[in-house]
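Letter by letter, the chains look like this.
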Amino acid sequence: MKPFVIPICSILFLLCAGLSSCQQSEDYPKQHKALKKALVLTTTAPVYSFTKNITGDAASVENLLPSGTDPHEYSLTPEDMLKLSRAQIIIINGAGLEKWLDKIISSQLKKKPIVVDSASGVHIIDNDPHIWLSPRNAMIQVKNIRDALIEADPANSETYRKNADLYIERLKTLDREIMENTSALRKKEFVSLHSAFIYFAKDYGLRQAAVIQEYPEKEPTPGHIAEVITIIRKNNIKVIFSEPMVSHKIVKTIAKDLELQVYILDTLERGDLYPDWYEERMRANLETLRTALNQ
Ligand SMILES: [Zn+2]
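Residues numbered from 1 in each chain as written. Predicted model: local features only at pLDDT ≥ 70, side-chain atom pairs only at ≥ 80, totals over all residues. Heavy atoms only, no water.

Peer 1: Would you mind going over the coordination of the zinc ion with me for this structure?
Peer 2: Note on metal sites: the ideal angle is 109.5 degrees for four tetrahedral donors, and 90 or 180 degrees for six octahedral donors. The coordination sphere of the zinc ion, as far as protein atoms go, consists of His72 (NE2), His130 (NE2), His194 (NE2) and Glu269 (OE), spread over 1.7 to 2.1 Å. Bound by four donor atoms, the zinc ion shows angles of 96 to 124° at the metal and therefore tetrahedral coordination geometry. Donor residues binding the zinc ion come from one chain and are separated in sequence as H-x57-H-x63-H-x74-E. Here the residue His130 occupies a position in the loop between strand 4 (114-117) and helix 6 (135-152), and Glu269 occupies one in the loop between strand 8 (261-264) and helix 11 (277-292), the gap between them amounting to 139 residues. (Donors = N, O, S within 2.8 Å, 3.2 Å for Na, K, Ca; no water. Tetrahedral: all angles 85-135°; square planar, octahedral: opposite > 155°, others 65-115°. Helix = DSSP H or I, 4+ residues; strand = E, 2+ residues; numbered from the N terminus.)

Shown next as structure tokens:
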């Protein structure tokens, strides 16, 4: 997909406009202080949750993708280009998720922001970017984001460190809850819409037996569907997991033909933007798994 490019002169104009408003605000100390806060731009909803819990009010955090947007394929809008040009720090999920952003950052931004790869140090399986679905990976992401913020904005290092510690404790509690509940599940195998739950399954003793879509956003081939049906029959699988905001004809057809129940499991890709969102959605997924895999 071809990204939208806005002329450099309009970026320059807006940057100049921003600068003059900085100068004007010197008479208004409160306003000036707000403008001096670092602008941190995140790419996805989980990364937004992680970052916002670390910064609290110490930095302005904005997310590049609007709620409900698929992060696998994305075309930047003129507003996105403005956000990118204003950001001092851009925090990406990494693991190959934001391929659509890499070129823009390296070639089209005049002032180069600090780019933080939150996946650094996470063991990546088969180029799969869905690392956030395991809270154990999320903890690594949080530590990477914390360290990058401390380096970029040392004046607030104590806040970032303290907030990150508290958030990591919450993620540890979430990890324990998932571990206790998944180990008690009667069934350990599942079929999902697209391959998003490998990290989650690996860390909590489950198995993603098959996926309907071989590649996100692409129609599966008849041969692949035939394979999925064989796996479902062979493993005596009774449920199939679809995703929020996605209506998939093939899921409905397979479910009807094989008499499977359809449940919604959130890949946390198209989420809302607030600090507790990640934990809330992970707990909702756990409840769904308890219902679906205990039959
Ligand atoms: Zn995905």
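Having seen the structure, we can now continue with the description.
Peer 1: Even after reading the chapter, I still don't get the packing of aromatic side chains, so can you show me in this structure?
Peer 2: Aromatic ring pairs are defined here through the distance separating the ring centres and the angle between the ring planes. Per the counting criterion, the structure on display carries seven aromatic pairs. Measuring from ring centre to ring centre gives 6.3 Å for Phe50 and Tyr167, while their planes differ by 50°; the resulting arrangement is tilted. One end of the pair, Phe50, is in helix 3 (residues 45-55); the other, Tyr167, is in helix 7 (residues 157-183), with 117 residues separating them in the sequence. Tyr167 matches Phe50 in its accessibility class, with the two residues each being buried. Grouped by ring-pair contacts, the aromatic residues Phe190, Phe197, Phe241 and Tyr263 constitute a single cluster. (Phe/Tyr/Trp six-rings, centres within 6.5 Å; stacked < 30°, edge-to-face > 60°. Buried < 20%, exposed > 50% of the residue type's maximum accessible area, 1.4 Å probe, protein only.)

Peer 1: Just to check I follow, could you spell out the pattern of salt bridges for this structure?
Peer 2: Any two side chains of opposite charge can pair if their charged atoms end up close together. Scanning all chains against the criterion turns up 13 salt bridges. Across the pair Asp70 and Arg270 runs a salt bridge whose closest N-O atoms are separated by 3.6 Å. With Asp70 in the loop between strand 2 (60-63) and helix 4 (78-86) and Arg270 in the loop between strand 8 and helix 11, the pair connects residues that are 200 residues apart, well separated along the chain. When sorted by exposure, Asp70 lands in the same class as Arg270, which is buried. For the salt bridge of Glu279 with Arg170, the shortest nitrogen-to-oxygen distance reads 2.6 Å. One end of the pair, Glu279, is in helix 11; the other, Arg170, is in helix 7, and 109 residues separate them in sequence. A relative accessible area of 32% means that Arg170 is categorised as partly exposed. (Salt bridge = Lys/Arg side-chain N within 4 Å of Asp/Glu carboxyl O.)

Peer 1: Would you explain the packing of helix 3 against helix 7 in this entry?
Peer 2: To characterise two packed helices, one gives the angle between the axes of the helices and the distance between these axes. The N-to-C vectors of helix 3 and helix 7 enclose an angle of 130°; their axes lie 7 Å apart at closest approach. Taken together, the axes of helix 3 and helix 7 are oblique relative to one another. For the pair helix 3 and helix 7, the contacting residues are Ser49, Phe50, Asn53, Ile54 and Thr55 in the first and Thr159, Tyr160, Asn163, Ala164, Tyr167 and Arg170 in the second. Classifying every residue of the contact of helix 3 with helix 7 gives five nonpolar, five polar and one charged. (Axes fitted to C-alpha atoms, helices over the stretch in contact; angles between N-to-C directions. Parallel < 35°, antiparallel > 145°, perpendicular 65-115°, else oblique. Contact = heavy atoms within 4.5 Å. Nonpolar A, V, L, I, M, F, W, Y, C, P; charged D, E, K, R; others polar.)

Peer 1: How do you make sense of the side chain of Thr182 when you look at a structure like this?
Peer 2: Structurally, the position occupied by Thr182 is in helix 7. A distance of 3.4 Å separates the side chain of Thr182 from the backbone oxygen of Met179, its partner in a polar contact. Not counting the four nearest positions on each side in its chain, Thr182 is found in contact with Lys188, Phe200, Tyr204, Leu206 and Leu286. (Polar contact = N/O pair within 3.5 Å; in protein donor to acceptor, adjacent residues only side chain to side chain.)

Peer 1: Looking at this structure, how should I read the pairing of strand 8?
Peer 2: The side chains of a regular strand alternate, first on one face of the sheet and then on the other. Summarising the sheet, strand 7 (residues 239-242) and strand 8 pair through four bridges and their orientation is parallel. The partner of Val239 across the bridge, within strand 8, is Gln261. Between the parallel elements strand 7 and strand 8, the chain passes through helix 10 (residues 249-258) in a crossover that is right-handed. (Pairing = 2+ DSSP bridges. Right-handed = clockwise from strand over helix to strand, strands pointing away.)

Peer 1: How should the nonpolar core be read in this particular structure?
Peer 2: Generally speaking, a soluble globular protein has its nonpolar side chains buried in company with each other. Counting 55 residues, the largest nonpolar core has Phe200, Phe241 and Tyr278 as the members making the most contacts within it. Counting only elements with at least two residues in this core, the list comes to helix 3, strand 3 (89-92), helix 6, helix 7, helix 8 (198-203), strand 7 and helix 11. Shared between two domains, this core takes at least three residues from each, and those domains are domain 1 (8-177) and domain 2 (187-292). For Tyr278, the contacting residues outside a window of four places in its chain are Pro46, Ser49, Phe50, Trp132, Leu133, Ser134, Pro135, Ala138, Tyr167, Leu171, Leu174 and Leu268. (Core = buried A, V, L, I, M, F, W, Y, C linked by side-chain atoms within 4.5 Å. Domains from an automatic or database assignment.)

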